[in-house]
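Okay, here's what each chain looks like letter by letter:
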Amino acid sequence: MSSISILPGFLADPTRFLFFTGKGGVGKTSLSTATAIALADAGERVLLVSTDAASNLDEMLGVPLSNQPVAVPGVAGMSVLNIDPDAAAEAYRQRVLAQLETSASDDERATVREQLSGACTTEIAAFDEFASLLAQEGNEAVHGWDHVIFDTAPTGHTLRLLSLPKAWTGFLAGNDRGASCLGPHSGLKMQEARFNAALRALSDPALTTVVLVTRPDPRPVQEAARTSEELRALGLGNQRLVLNGVFHASQLGDATADAIEALGRQALQDMPDALARLPRDEVPLRPFDTVGLPALRALLGGTPLPTPAPDAQATPPDLPAEPLSRLTDELAAVGHGLIMVMGKGGVGKTTIAAALAVGLVQRGHSVHLTTTDPAAHVADALNGNLPNLKVGRIDPKAETAAYIAKIMATRGKEMDEPGRALLLEDLQSPCTEEVAVFHAFSRVVNEARTAFVVLDTAPTGHSLLLMDATGAYHRQMTRQYEGSANARHIITPLMRLQDAELTRVIIVTLPEVTPVSQAAALQDDLRRAKIEPWAWVINKSVAATGTTDPLLQARLAGEHRQTERIAQGLARRTFVLPWLPEPPVGVRALGALVQARESTA
């Protein structure tokens, strides 16, 4: 029997390191931040660390994020740090360059910097920053923190991050060669002791607790169960479960409220045994946005709830939005192309992507529906087959194996056995996976020249790393052919993403402050890469259901504020899908979301 406490049990006797992880949109950032504040209010010295490239801690706390600890005004003893991948990569490059012999020429140094310009360097550099926080246990002169709390990226990216200590320590063991895909191997080798210390800290239940966060919803609960198993396999066995946003209807007869409560009951009833056995905490659904110190302090029940905003019952703004059927009609009229569905984790990207794919098939097209998300739920969303719909995924493990086989068959073909052995050893580096995934992504982009490809992308932070890889490849190719006769004929994947006639980016959000802010930040990042989003989809709009439940009515004030933000110019085109009592799973349910109005099929 699991233990369920009114106040979170992880606050009773917290370990030094607390990892909050789970599917996107379940409330990891809110809960990790509220936990950090509660511990600091109790007199502890707390560092809150975000490993999410798309973090919105700055908005929640009202402080600018930095790759150095920043004190949080109004919370004595608390600081916040964001592991910025670009800043971490530059610092890592400088450390590696510093290891070169003083006799190294400028050309040699330039070559090393070029070797360190790829996405895999960005990943390992960010991990290096992460590992440094774990490897300093007991060194108060360096740290000075009683607790370090990690607000992690959505599940798939976090599993990749937490698997790196074992992957890199295994790769480095006995490997004293001169180079890897990260440049001089000594630059990586010098971090080996730090990686080993990070692995020990992660595996020590006296030091580290993993807090699995989920919503009382069957799909996030099932993902939490899978995450629990994978983390246990990595050696992270000290786990707790938090059910966030537990809802109980306050009046009978409200169909929306009854359906939300029933969904929660079903999720608990179907919870896998391994997850049900974990120590468990429940956090009620709150009637307010978790932005600002008063709301964050109230989230865990430590202080009274904030007073509702004066405009809580204000009339919602008029949002010029259209149904998904209209969106599908417009996409189908183009005849082919890449449709990239992007956004924060947990906003419903997979559902929207699958629905659009089904809708395009309904309208007579052949479609390839695929995903770059490590969690890969497109097949679950479809739950069936449909003629002319091909379903796939960019599987990192399969793509890595295929990439290694290709390199061995080409570059290694003329090598002797010792040379092939050294090449294969180099390809065992974890960063090979990033290169392989990029190549698979490039094939998908190219396929869209003659057919429809609907791409369900990973949550924002992970997708931005893939965009970084795409940009790095573009820069490499343009430099390589600069000034040559072939320069005019080079077309890189980035150029295809920038082609508005070929690629249409759909940004999905929920009508809540964090998803809308992250959608806006994602749009800014895409525009910097000269990729213009084509439309936004607001998913799970409760306002459209007509609920009269007091708690849900109170939450509508926040939804109204977000729809107003969107209406005031964030999106060029907007489409809306209301909150549905039954999750749209299966080909028939997805097809109903995008059914052409004139069709009776």
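Coordinates for the structure precede this section.
These remarks concern the structure in this document. (Residues numbered from 1 in each chain as written. Predicted model: local features only at pLDDT ≥ 70, side-chain atom pairs only at ≥ 80, totals over all residues. Heavy atoms only, no water.)

Attention now goes to the packing of aromatic side chains. A complete count under the given rule lists two aromatic pairs for this structure. Taking the centre distance of 5.5 Å and the plane angle of 90° together, the rings of F10 and F20 count as edge-to-face. With a gap of ten residues between them, F10 in the loop between β1 (4–5) and β2 (17–21) and F20 in strand β2 connect regions that are remote in the sequence. Taken together, a centroid distance of 4.4 Å and an interplanar angle of 5° make the contact between F19 and F150 stacked. Taken together, the residues span a long stretch of sequence, with F19 in strand β2 and F150 in strand β6 (residues 147–151) at a distance of 131 residues. When its relative accessible area of 1% is taken as the criterion, F19 is described as buried. Residue classification places F150 among the buried residues on the basis of a relative accessible area of 0%. Stacked on the ring of W534, the Lys or Arg R504 has its end atom at 5.5 Å from the ring centre. (Phe/Tyr/Trp six-rings, centres within 6.5 Å; stacked < 30°, edge-to-face > 60°. Helix = DSSP H or I, 4+ residues; strand = E, 2+ residues; numbered from the N terminus. Buried < 20%, exposed > 50% of the residue type's maximum accessible area, 1.4 Å probe, protein only. Lys NZ or Arg CZ within 6 Å of the ring centre and 35° of its normal.)

Attention now goes to helix α14 (residues 349–362). Note: α-helices contain 3.6 residues per turn, so residues at a spacing of three or four share the same orientation. With 14 residues, α14 ought to run about 20 Å at 1.5 Å a step, and its terminal C-alpha atoms sit 20 Å apart, in line with that. Of all the 14 residues making up α14, 13 are buried; the element is thus mostly covered by neighbouring parts of the structure. Downstream of α14 by one or two residues, G364 has phi in the positive range, about 95°. (Expected span 1.5 Å × (residues − 1).)

Generally speaking, soluble globular proteins have nonpolar side chains that are buried together. Ranked by size, the top nonpolar core spans 35 residues in total, and within it I339, L369 and V454 carry the most contacts. Here this core gets nine residues from one element, more than from any other, and that element is α14. When neighbours within four sequence positions are excluded, V454 is seen to be in contact with I339, V341, A353, A357, L360, V367, H368, L369 and T370. (Core = buried A, V, L, I, M, F, W, Y, C linked by side-chain atoms within 4.5 Å. Contact = heavy atoms within 4.5 Å.)

Turning to the pairing of strand β3 (residues 46–50), a few remarks are in order. Of all five residues in β3, five are buried; the element is thus mostly enclosed. Residues V46, L48 and S50 line one face of β3 and the alternating positions L47 and V49 line the opposite face, and both faces are buried. Here β3 runs beside strand β5 (residues 78–82); their pairing, made up of five bridges, is parallel. Residue pairing for β5: L48 is matched across the bridge by V80. In terms of strand pairing, β3 meets β6 through five bridges, oriented parallel. (Pairing = 2+ DSSP bridges.)

Along the polypeptide, T328 turns up in helix α13 (residues 324–334). Accessibility expressed as a relative area gives 0% for T328, which makes it buried. Separated by 2.8 Å, the side chain of T328 and the backbone oxygen of L324 make a polar contact. Residues contacting T328, with those up to four places away along its chain left out, are L356, G359, L360, R363 and V594. (Polar contact = N/O pair within 3.5 Å; in protein donor to acceptor, adjacent residues only side chain to side chain.)

Mapped onto the elements of the fold, R215 is located in the loop between β9 (208–214) and α9 (218–233). For R215, a relative accessible area of 25% translates into the label partly exposed.

With the rule as written, the count across this model stands at 15 salt bridges. Here E330 ties to R573 by a salt bridge, and the two come within 2.9 Å at their closest N and O atoms. Of this pair, E330 sits in helix α13 while R573 sits in the loop between α22 (550–570) and β18 (574–578); the two residues are 243 residues apart in sequence, bridging distant segments of the chain. You can call E330 partly exposed: its relative accessible area is 25%. The class of R573 is partly exposed, set by a relative accessible area of 25%. (Salt bridge = Lys/Arg side-chain N within 4 Å of Asp/Glu carboxyl O.)

Another point: unusual backbone geometry. Outside of glycine, negative phi angles account for most residues, and trans bonds account for most peptide bonds. In the Ramachandran plot, N388 falls in the positive-phi region, its phi being about 75° despite a non-glycine side chain. Following the sequence through the fold, N388 ends up in the loop between α15 (378–382) and β14 (389–391). Although it is not a glycine, K540 adopts a positive phi angle of roughly 60°. Structurally, K540 is set in strand β17 (residues 535–541).

Taking burial as the measure, the seven residues of strand β16 (residues 503–509) include seven buried ones, the bulk of the element. Burial of β16 is two-sided: the residues T503, V505, I507 and T509 facing one way and the residues R504, I506 and V508 facing the other way are all buried. Bridge analysis of strand β12 (residues 337–342) against β16 gives five bridges, and the strand direction is parallel. Counted as the bridge partner of M340 is V505 from β16. Bridge count between β16 and β17: four bridges; the pairing is parallel. Residue pairing in the sheet places I506 in a bridge with A535 of β17. Crossover β16 to β17 through helix α21 (residues 513–528) is right-handed. (Right-handed = clockwise from strand over helix to strand, strands pointing away.)

Once that is clear, we can look at the sheet that holds strand β15 (residues 452–456). Each strand in a sheet pairs with its neighbour through backbone hydrogen bonds, running either in the same direction (parallel) or in the opposite one (antiparallel). Spatial ordering of the open sheet is given by β14-β13-β15-β12-β16-β17-β18, a layout of seven strands whose pairing is parallel. Two strands lie at the open edges of the sheet, namely β14 and β18, each paired on one side alone. Mean inter-strand twist for the sheet, computed between neighbouring axes without regard to direction, equals 20°. Packed onto the sheet, α13 meets β12, β15, β16, β17 and β18 and runs at close to 135° relative to β18. Each of β16, β17 and β18 touches α22; the most contacted strand, β17, lies at about 170° to it. (Axes fitted to C-alpha atoms, helices over the stretch in contact; angles between N-to-C directions.)

Our focus in this paragraph is the environment of F288. Tracing the backbone shows F288 in the loop between β11 (280–284) and α12 (293–299). With a relative accessible area of 12%, F288 lands in the buried category. For F288 and A557, which are 269 residues apart along the polypeptide, the C-alpha to C-alpha distance reads 8.4 Å.

This part takes up empty space enclosed by the protein. Tallying each qualifying case throughout the model produces four cavities of 30 Å³ or more. Of the voids in this model, the second largest cavity is the one considered here, and its volume is about 40 Å³. Around the second largest cavity, the lining residues are L331, V334, H336, G337, L338, I339, F452, L502 and R504. Residue assignment for the lining of the second largest cavity shows that the elements contributing at least two residues are α13 and β12. The greatest single-element share of the lining of the second largest cavity, amounting to three residues, is contributed by β12. Taken together, the residues of the lining of the second largest cavity sort by class into six nonpolar, two polar and one charged. (1 Å grid on protein atoms, 1.4 Å probe; cavity = no way out; pocket = protein on both sides within 12 Å on 5 of 7 lines; lining within 4 Å. Points joined across faces, edges and corners; volume = space filled by probe spheres on them. Nonpolar A, V, L, I, M, F, W, Y, C, P; charged D, E, K, R; others polar.)

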